[in-house]
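Chain by chain, the residues run as shown.
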Amino acid sequence: MPPPVPVVPLTQPEIEFNLPKDSDRYFANQLISQVQRELAQKKRHLVKITDRWMVCFDYLKQQEEQLLLATNPLKEEKDLFEASAAVVYGLGLHVLRQLRQAEEIDVRGALGYDYADIESCVAELGDTVRQGGRTLTPEWAAQLEREVFGECR
Amino acid sequence: MNADEKRRHLLTLLYDWKTAPENERAAAKRLLDAALDEARKDTPFSREDIKDYLMAEHYKQYFVQRKRSENAGMH
């Protein structure tokens, strides 16, 4: 017995116009439908990538929590965390850019959180990267305490 | 609000943002940003400056205390 042939569902234009299969318009219409299907597939793919990025982000948050709770974390562990945060930050910016270009994607409907939530996660990693490369002098910190919190060291 | 209360208020909002569930992160960030803007008013410091200061000088201690009290509350 021959293997079953996968059934390709008819697209809306194919159903609505009921075009004869030997006409040029039928083939053109099939191409249009194919492009529509591939674009829809690309959107689903982007949603999947976003979901995976969020898993990476959650993993980094666990690492951060462990570092915060450790009494004397190793410098290597901190360096590894900061390097990973920099990579995931870069990927997050890329994901955001792609999502912005495909703005009609219903991220909240698909993943339960929206563009602004993802943007906020990416911003947090941006903070981590900046803070990792920044050294605060005691004078600067004292000035900030004085001017923002109104106290002297 | 004295200096300690001000700092604690910002640390609480920072913690709430950093530990918020994914679908509440944007809202938590809006609250933090508003409080940072209020704190930095009439000073030469940016939101980032205040966050960096809090993270470098106070957040670790606050985080450990907060986790400890959350865990104690659970038992």
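For clarity, every value in this text was computed on a predicted model and none was experimentally measured. Throughout this description, residue numbers start from 1 for each chain and increase along the sequence as written. All chains are assigned letters beginning with A, and all ligands numbers beginning with 1, in the order in which they are written. It should be noted that, the model being predicted, local features are given only for residues of pLDDT at least 70 and side-chain atom pairs only at 80 or more, the latter also being counted only at that level, while totals for whole chains, interfaces and linings use all residues. Values reported for side chains reflect all heavy atoms of the structure, with hydrogen atoms and water molecules removed beforehand.

**Comments concerning empty space enclosed by the protein**
- A cavity here means a set of points on a 1 Å grid, drawn over the protein atoms and nothing else, where a 1.4 Å probe fits but cannot get out; a pocket is an open set with protein on both sides within 12 Å along at least five of seven lines, and a residue lines either one if it has an atom within 4 Å of a point. Grid points are joined across faces, edges and corners, and a volume is the space filled by probe spheres set on the points. Here the structure, examined in full by the defined rule, presents two cavities of 30 Å³ or more.
- In this structure, the largest cavity encloses a volume near 40 Å³.
- As for the largest cavity, its lining consists of F57, L60, K61, E64, F81, E124, L125 and T128 of chain A.
- The helix count covers DSSP runs of H or I at least four residues long, the strand count covers runs of E at least two residues long, and both are numbered beginning at the N terminus. Counting residues per element, the ones that place at least two in the lining of the largest cavity are α2 (24-69) and α5 (115-132) of chain A.
- At four residues, α2 of chain A tops the list of elements feeding residues into the lining of the largest cavity.
- Split by residue class, the lining of the largest cavity holds four nonpolar, one polar and three charged.
- Counted as a void, the second largest cavity has a volume near 40 Å³.
- Around the second largest cavity sit E124, D127, T128 and Q131 of chain A together with L14, W17, K18, K51 and M55 of chain B, which together line it.
- If you list the elements that add at least two residues to the lining of the second largest cavity, you get α5 of chain A together with α1 (3-18) and α3 (47-57) of chain B. Side-chain classes are defined by residue name, with Ala, Val, Leu, Ile, Met, Phe, Trp, Tyr, Cys and Pro counting as nonpolar, Asp, Glu, Lys and Arg as charged, and the others, Gly among them, as polar.

**Observations concerning helix α2 (residues 25-40) of chain B**
- By this rule, a helix spans an expected 1.5 Å times one less than how many residues it contains. Its 16 residues place the ends of α2 of chain B 22 Å apart at the C-alpha level, agreeing with the 22 Å of an ideal helix rising 1.5 Å per residue.
- Only protein chains enter the accessibility calculation, which uses a 1.4 Å probe. A residue is then buried if its area is under 20% of the maximum for its type, exposed if over 50%, and partly exposed in between. Taken as a whole, α2 of chain B has its buried residues at R25, A26, A28, K29, L32, D33, A35, L36 and A39 of chain B.
- Taken together, the buried residues of α2 of chain B touch α2, α5 and α6 (138-149) of chain A together with α1 and α3 of chain B. Note on contacts: a residue pair is in contact if any heavy atoms of the two residues lie within 4.5 Å.

**As for the packing of aromatic side chains**
- Only centres within 6.5 Å qualify two rings of Phe, Tyr or Trp (six-membered ring in Trp) as a pair; their planes then separate them into stacked at under 30 degrees, edge-to-face at over 60, and tilted for everything else. Inspection of the entire model under this criterion finds six aromatic pairs over all chains.
- Centroid distance W53 of chain A to F57 of chain A: 5.6 Å. Interplanar angle 15 degrees. Geometry classified as stacked. Here W53 of chain A and its partner F57 of chain A are both found in helix α2, four residues apart, which amounts to about one turn of the helix.
- A residue is classified by how much of its surface remains accessible, and W53 of chain A, at 4% relative accessible area, is buried.
- The interplanar angle of 85 degrees and the centroid separation of 5.5 Å between the aromatic rings of W140 of chain A and F45 of chain B together place this pair among those described as edge-to-face. Taken together, the positions of W140 of chain A in helix α6 and F45 of chain B in the loop between α2 and α3 put the pair across two chains. Considered together, W140 of chain A and F45 of chain B belong to a single accessibility category, that of buried residues.
- Pairwise contacts between aromatic rings join Y15, Y59, Y62 and F63 of chain B into one cluster.
- The aromatic ring of F149 of chain A is capped on one face by R7 of chain B, whose charged end is 5.4 Å from the ring centroid. The rule for a charge over a ring is simple: NZ of Lys or CZ of Arg within 6 Å of the ring centre, and within 35 degrees of the ring normal.

From the geometry alone we can't say anything about function, so treat these as descriptive.
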